[in-house]
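Coordinates in review
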Amino acid sequence: MAGLIVRMLCGCGVLAAPALAATEIVVATVNNEHMIEMQRLTPHFERANPDLRVRWVTLEEGLLRQRVATDIARGSSRYDVLTIGMYETQVWGRQGRLRPLDPPPSYDVDDLLPAIRSGLSISGRLYAAPFYGESSMLMYRRDLTERAGITLPERPTWRQVRDAAERLHDPKAGVYGICLRGKPGWGDNMALVSTMVNGFGGQWFGMDWRPQLQSKPWRDAVSLYVELLTRWGPPGSAANSYNELLTLFRAGRCALWVDATIAAGFVSDPVGSSVAGRVAFAQAPYSVTPQGASWLWAWSLAVPASSTHPAEARRFVTWATSREYTALVARERGWGAVPTGTRRSTYANPEFQRVAGHFASAEKKALDGISLVEGALPDRPYQGIQYVAIPEFQNIGVATGQQIAAALLGRASVEQALRAAQAAADREMRAAGYYGR
């Protein structure tokens, strides 16, 4: 009788063992348009990987940085995939807080742009995979400059940008001369201000690691920055970062905008931009030197060492940063919507060139001209352009950004802001043992 029961169970499909539940991986990301599109396309990944389900935690940039940094410090297993940049990759990768990715040969690591790959690698191993890469450049309203008789060269100086902003400022018509990041944060206002300082010949630290925030390049750069936004910028500039400025520019409210190259595709898309077809692109402005005058960044996906599902997380990271994902976006949204700044093959694609050629050349030129080693005019002991790849920089960058926002709001002079920032940086570096207490 028992044997008959066994045979009946084995031959009856309805009595078969239930399928195992799918493994859930949690992805923490930033709330920008490319990342939101990745979430929309995730069902494609889940259909191809029925054993996995993806849960998203989407946060504003500053909050994402805080949450992820806290989790990394605590060794929390809350997230399986982190959206991070080059700064975190270098610092956390060297601390053993990230797992190396070691993608399969089909991923084609050699297709990654050299500067992007270098910034996300440690000793030749990739510790984060770039979802999109960016430098910074000047985007401006070609129709307004032509009407005003203004000609901007391929790489303008900050003096030329200042003069253009003054002439194009027309708030009665709803157009502000220039839009720049003002929201305090090491990845917000300081991303821009750091490159301005580099372009004026300055640096964060001297070769002895002592802060240089009261030097002439810092005073000149920050003074110009404050003047630009207080005289010819939009009201409330101290609250604006990338997302806010993208909205303003696409609505036709900004004549000039210096920001991430990744914005070029969005301001050129007639679906969401009222100024599509009327935007020109130039390299980031400089003053004394172009070295370090444009930043280098890549919003990237990494697997923390604390992840409880590292193999599954790597599978998602490989999919989301692959050539196949780029092709998927192109099929779903068109080549003008693909994430850029990561792969040679994207720029070599004739369909991409046909749609994006008017901005792609300026974008790729900005990325190709960057060196993380030679990011500023004076000799310096650190790696990075708009950041310094040491753990202490996050606190220093935030404190400095807050002081510069205070100067922008008129709550402190430039001299007072830089003196306070210098003191905060000095305390941080002394406490970390970079030089004597």
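All figures in this text were calculated on a predicted structure; none of them were measured in a lab. (Residues numbered from 1 in each chain as written. Predicted model: local features only at pLDDT ≥ 70, side-chain atom pairs only at ≥ 80, totals over all residues. Heavy atoms only, no water.)

Our next topic: the side chain of Ser136. Tracing the sequence through the fold places Ser136 in strand 8 (residues 136-141). Residue class for Ser136 comes out buried when judged on its relative accessible area of 1%. Within polar-contact distance, the side chain of Ser136 engages the backbone nitrogen of Trp295 at 3.1 Å. Excluding residues that lie within four positions of it along the chain, Ser136 makes contacts with Asp259, Ala260, Thr261, Ala284, Ala293, Ser294, Trp295 and Ala366. (Helix = DSSP H or I, 4+ residues; strand = E, 2+ residues; numbered from the N terminus. Buried < 20%, exposed > 50% of the residue type's maximum accessible area, 1.4 Å probe, protein only. Polar contact = N/O pair within 3.5 Å; in protein donor to acceptor, adjacent residues only side chain to side chain. Contact = heavy atoms within 4.5 Å.)

It is worth spelling out the pattern of salt bridges at this point. A full pass over the atoms with the stated rule returns 31 salt bridges. Between Glu146 and Arg142 there is a salt bridge, with its nearest N and O atoms 4.0 Å apart. Taken together, the residues span about one helical turn, with Glu146 and Arg142 both in helix 6 (residues 142-148) at a distance of four residues. On the basis of relative accessibility, which here comes to 56%, the residue Glu146 falls in the exposed class. Judged by relative accessible area, which is 31%, Arg142 ranks as partly exposed. (Salt bridge = Lys/Arg side-chain N within 4 Å of Asp/Glu carboxyl O.)

Of all hydrophobic cores here, the largest spans 145 residues; its most connected members are Trp204, Trp218, Tyr225, Leu256, Trp257 and Phe316. For this core, the element with the most residues is helix 9 (residues 216-232), which contributes nine residues. If sequence neighbours within four positions are ignored, Trp257 has contacts with Met137, Leu138, Met139, Cys179, Tyr242, Leu245, Leu246, Phe249, Ala263 and Val267. (Core = buried A, V, L, I, M, F, W, Y, C linked by side-chain atoms within 4.5 Å.)

Okay, the packing of helix 8 (residues 189-199) against helix 16 (residues 393-408) next. Across the interface, helix 8 lies against helix 16 with an axial gap of 9 Å and an inter-helix angle of 85°. Between helix 8 and helix 16, the angle falls in the class roughly perpendicular. Where helix 8 abuts helix 16, its residues Asn189, Met190 and Val193 lie against Gly397, Thr400, Gly401, Ile404 and Ala405. Residues that form the contact of helix 8 with helix 16 fall into these classes: four nonpolar, four polar and no charged. (Axes fitted to C-alpha atoms, helices over the stretch in contact; angles between N-to-C directions. Parallel < 35°, antiparallel > 145°, perpendicular 65-115°, else oblique. Nonpolar A, V, L, I, M, F, W, Y, C, P; charged D, E, K, R; others polar.)

These results come straight from atomic positions and should not be treated as a statement about function.
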